[in-house]
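# Residue-level structure breakdown
Listed here are the chains, written in short residue letters.
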Amino acid sequence: MADPLLPPGVADLTAFAVPSGIVPTVPGVLAGAAPTAPVAPRGSAPTWPGTAPQVGDLGWRAAPVSAPEGDAANYYFLSGPAVVREPVPQIPDSHEVFDVNAVRADFPILRETVNGKPLIWFDNAATTQKPQAVIDRLAHFYAHENSNIHRAAHELAARATDAYEDARDTVRRFINASKSEQVIFARGTTEAINLVAYAWGGKHLGPGDEIVITHLEHHANIVPWQLLSQKTGAVLKVAPVDDAGNLLLGAFEDLLGPRTKLVAATHVSNALGTVTPVHKIVELGHRYGARVLIDGAQSIPHIPIDVQALGADFFVFSGHKIFGPTGIGVLYGTEEALEETPPWQGGGNMIADVTLERALYQGIPNKFEAGTGNIADAVGLGEALRYVEKVGIERIAAYEHALLEYATPLLGDIPGVRLVGTAEEKASVLSFVLAGHEPLEVGKALNSEGIAVRAGHHCAQPILRRLGLEATVRPSFAFYNTYDEIDVFIRAVRRIAEGG
Ligand code: PLP
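Residues numbered from 1 in each chain as written. Predicted model: local features only at pLDDT ≥ 70, side-chain atom pairs only at ≥ 80, totals over all residues. Heavy atoms only, no water.

The criterion, for reference: UniProt positions are given in the numbering used here, feature names are shortened, and annotations may be inferred rather than shown by experiment.
The protein chain carries the name cysteine desulfurase in an unreviewed UniProt entry, which gives Mycolicibacterium confluentis as its organism. UniProt, in its Cofactor (unreviewed entry) section for the protein chain, records the words "pyridoxal 5'-phosphate". Heading Catalytic activity (unreviewed entry) of the UniProt record for the protein chain holds this comment: "(sulfur carrier)-H + L-cysteine = (sulfur carrier)-SH + L-alanine".

Structure representation (structure tokens):
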């Protein structure tokens, strides 16, 4: 039966009835009492005209029961003459052709020196550096736009909301999602995967159901599924790789069956650089009726992403891996997959209406964005994506591929070097070990030359152990790196190998 309190125009909300036993007793409100009308915070403008009982003892004003149409209920309301705003800094249009020196000039941190040497940033798989455009955009946000978003009727809320929703739409465009509502802001890849595991998995998986991942996964795409399996009794299966780090697609398909409910696979391995056949993975997963999540943390800065062409149910990535801020990332989902996913966190912003007995949720994306989000960094992420669009992701991919092709044989030729991860298709990452030298020792020696690489297990212990290792040295490239930097790096590794 339709909830009499459901505002018109907000028809498809999911209702959650709080069991009456746990309704807090508040003076003037009886536990388990009939639902009261929606309430608005003290002093807020009554946005829903009408009459409703007062919840006087809380000091709140009862809000009426009819709502403005559609999204208007979630947003600020400003009318009147257009307001003149401080212009948002524009990305200089200097990248009509790919010029690595012009690109480098956009990244102030690349002018740093480390141990008296020019910084060589080869730790891009861990995090990327930020162009001035992103730094300026964040400063502009805090200087001119900072406010909480959505419900408010003042200018700064309007600016902040516009900037935040504009960032959401930039993400939509960047990954070619059909609607911006399919873009959920999260803290990063890790949080986005946990959201799917907890909320989607918690609802749709039961004892004996199966989740299939690959041996290449980052811990962020392993541990949430282990937790889910422990909670639900689902079984976690792992598709194998060969010694070069190629996913064995036939063996992957052999794992799929009528009990497979979810496939979760990385697009690019952060430890080896393997590019996986994601289109095939999605197609096979769907053939067996499973939902498919693709971890795009390492592919987003290197490979053009078209989520509609890919067809995955969920695609996740982190802002900081694509020249944006830390603490912000994205869960993309098809409308169908997101609609069948219940909220995972409760609180402000994700609700349409709350009484002490039950809550009515917003639709996507707000249903998944409880509380005050990372507004400024979402705006920063939008700017990072616009910057990448200006440089051109295809040009980026081609240039980085050339860097990898250049560096791989030079590194492999150094006596004592074992390349770790030599899959047919790779992006950005050049993992290796050096006989007689611990990875950490190599990392420190490179740091003394100003070269930043990661040395360790890269949060991907299962794949390193599969290859008989506990750690590697991992240089990883971005489009602001140069052939000259690779030459400096190769000379440094050669010196370490020779004991110099
Ligand atoms: N997945 C992959 C493939 C990664 O490389 C990473 C980070 O390195 C993650 C997931 C986790 O990303 P974050 O720490 O930004 O949540």
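## Re the overall build of the protein chain
The condition that has to hold: The helix and strand labels rest on DSSP assignments: H or I over at least four residues marks a helix, E over at least two residues marks a strand, and numbering proceeds from the N terminus. Summary of the burial criterion: residues with accessible area below 20% of their type's maximum are buried, those above 50% are exposed, and those between are partly exposed, where the area comes from a 1.4 Å probe applied to protein chains only. In what follows, residue pairs with any heavy atoms lying within 4.5 Å of each other are defined as contacts. Here, Shrake-Rupley sampling with a 1.4 Å probe gives the accessible areas, and only protein chains in the shown set may cover a residue.
Check the secondary structure of the protein chain and you find 14 helices and 20 strands. A buried classification covers 53% of the 500 residues belonging to the protein chain. Counting contacts in the protein chain only where the partners sit at least 6 residues apart, residues at least 24 apart contribute 71% of the total. Summed over its atoms, the accessible surface of the protein chain is roughly 20800 Å², and 55% of this surface lies on carbon and sulfur atoms.

## Examining the site of the ligand
Formally: Here a residue is considered near a molecule or strand provided that any single heavy atom belonging to it is located within 4 Å of it. What qualifies as a polar contact is a pair of N or O atoms within 3.5 Å, subject to a donor-acceptor requirement within protein and to the restriction that residues adjacent in sequence count only when both atoms come from side chains. Classes in brief: Ala, Val, Leu, Ile, Met, Phe, Trp, Tyr, Cys and Pro nonpolar; Asp, Glu, Lys and Arg charged; the others, Gly included, polar.
Residues in close proximity to the ligand include T189, T190, H218, A220, T266, N270, D295, A297, Q298, S318, H320 and K321, which together make up its full environment. Within the contact set of the ligand, an oxygen atom lies 3.4 Å away from a backbone nitrogen or oxygen of T189. One of the side-chain nitrogen or oxygen atoms of D295 is found 2.5 Å away from a nitrogen atom of the ligand. A total of 390 Å² of accessible area belongs to the ligand in isolation, and the protein chains cover 85% of it. For the shell around the ligand, the per-class residue count stands at two nonpolar, eight polar and two charged.

## Details of the packing of helix 2 (residues 132-145) against helix 3 (residues 155-175)
Selection rule: Axis lines are fitted to C-alpha atoms, over the contacting stretch for helices. Their N-to-C directions set the angle, which ranges from 0 to 180 degrees. Should an angle fall under 35 degrees it is called roughly parallel, over 145 degrees roughly antiparallel, and 65 to 115 degrees roughly perpendicular, with every other angle called oblique.
Orientation of helix 2 relative to helix 3, taken along the N-to-C sense of each, is 155°, at an axis distance of 10 Å. Compared by their axis directions, helix 2 and helix 3 come out roughly antiparallel. Contacts between helix 2 and helix 3 pair R137, F141, H144 and E145 from the former with L156, R159, A160 and A163 from the latter. For the contact of helix 2 with helix 3, the class distribution of residues is four nonpolar, one polar and three charged.

## Notes on the packing of helix 12 (residues 439-447) against helix 14 (residues 483-497)
Heads up, the rule is: Here a crossing is called left-handed whenever its near helix is offset anticlockwise from the far helix by less than a right angle, and right-handed whenever the offset is clockwise.
Between helix 12 and helix 14, whose axes approach to 10 Å, the crossing angle comes to 125°. Accordingly, the angle class assigned to the pair helix 12 and helix 14 is oblique. Here helix 12 runs over helix 14; the crossing is right-handed. The segment helix 12 lies against helix 14, with V442, A445 and L446 engaging F489, A492, V493 and I496.

## Side note on the sheet that holds strand 12 (residues 314-318)
Under the convention used in this document: Only when DSSP finds a minimum of two bridges between them are two strands counted as paired.
Strand order across the open sheet formed by seven strands is 7-13-12-11-10-8-9, with mixed pairing between neighbours. Among the strands making up the open sheet, the edge pair consists of strand 7 (183-186) and strand 9 (235-239). This sheet shows a mean twist of 20° between the axes of neighbouring strands, independent of strand direction. Bridging between strand 10 (residues 260-266) and strand 11 (residues 291-295) involves five bridges; their strand directions are parallel. By the bridge assignment for strand 11, L262 is matched with R291. Packed onto the sheet, helix 3 meets strand 7, strand 12 and strand 13 (329-333) and runs at close to 115° relative to strand 7.

## Considering the pattern of salt bridges
Stated precisely, the cut-off is as follows: Here a salt bridge means any side-chain nitrogen of Lys or Arg lying within 4 Å of a carboxyl oxygen belonging to Asp or Glu.
Under the counting rule described, the total for this entry stands at 27 salt bridges. In this structure, the salt-bridge partner of E369 is R168, at a minimum N-O distance of 2.8 Å. Taken as a pair, E369 in the loop between strand 15 (358-361) and helix 10 (375-391) and R168 in helix 3 lie far apart in primary sequence, 201 residues in all. The class for E369 is buried, based on a relative accessible area of 6%. Judged by relative accessible area, R168 falls into the buried class, the value being 1%. Between D313 and R291 there is a salt bridge whose closest N-O contact spans 2.7 Å. Here D313, found in the loop between helix 8 (307-310) and strand 12, pairs with R291, found in strand 11; they are 22 residues apart in sequence, far enough to count as distant. For R291, a relative accessible area of 14% corresponds to the buried category. Salt bridges linked by common partners bring E253, K280, E283 and R287 together as one network.

## Some remarks on helix 5 (residues 223-232)
Residues spaced three or four apart along an α-helix point in a common direction, a consequence of the helix completing one turn every 3.6 residues. Rules: Regarding the arc, it is the one traced by the directions from the helix axis to the C-beta atoms.
Three or more residues of helix 5 are buried, namely P224, W225, L228, S229 and T232. Buried residues along helix 5 cover an arc of 140° about the axis, so they all sit on one side. In this structure, the buried side of helix 5 is in contact with helix 4 (189-204), strand 8 (210-214), strand 9, strand 10 and strand 11. The first or second residue beyond helix 5 is G233, which carries a positive phi of 85°.

## Here we look at the side chain of S299
Within the secondary structure, S299 sits in the loop between strand 11 and helix 8. A relative accessible area of 0% places S299 in the buried class. Among the polar contacts made by the side chain of S299, one reaches the side chain of H267 at a distance of 2.9 Å. With sequence-adjacent residues up to four places away left out, S299 is seen in contact with H267, V268, I305 and F315.

## Some details on helix 12
Three or more residues of helix 12 are buried, namely P439, V442, G443 and L446. Viewed end-on, helix 12 has its buried residues packed into an arc of 100°, placing them on one side of the element. Exposed positions of helix 12 whose direction lies more than 90 degrees from the buried face are L440 and K444.

## What to know about the packing of aromatic side chains
Inclusion rule: Classification of ring pairs rests on two measures: the distance between centres of Phe, Tyr or Trp rings, Trp counted by its six-membered ring, which must be within 6.5 Å, and the angle between planes, read as stacked under 30 degrees, edge-to-face over 60 and tilted in between.
Tallied over the entire structure, the rule returns 19 aromatic pairs. Centre to centre, the rings of F122 and F477 are 4.9 Å apart; their planes meet at 80°, and the pair counts as edge-to-face. Within this pair, whereas F122 is found in the loop between strand 6 (120-121) and helix 2, its partner F477 is found in the loop between strand 20 (472-474) and helix 14, the two being separated by 355 residues in sequence. Under the relative-accessibility criterion, F122 is labelled buried at 0%.

## Observations regarding unusual backbone geometry
Generally, phi is negative for residues other than glycine and the peptide bonds are trans, each holding for most cases. With an omega dihedral of 0°, the bond running from I364 to P365 counts as a cis peptide bond. Structurally, the position occupied by P365 is in the loop between strand 15 and helix 10. For N176, which is not glycine, the phi torsion reads 55° and is therefore positive. Examined against the element boundaries, N176 turns out to sit in the loop between helix 3 and strand 7.

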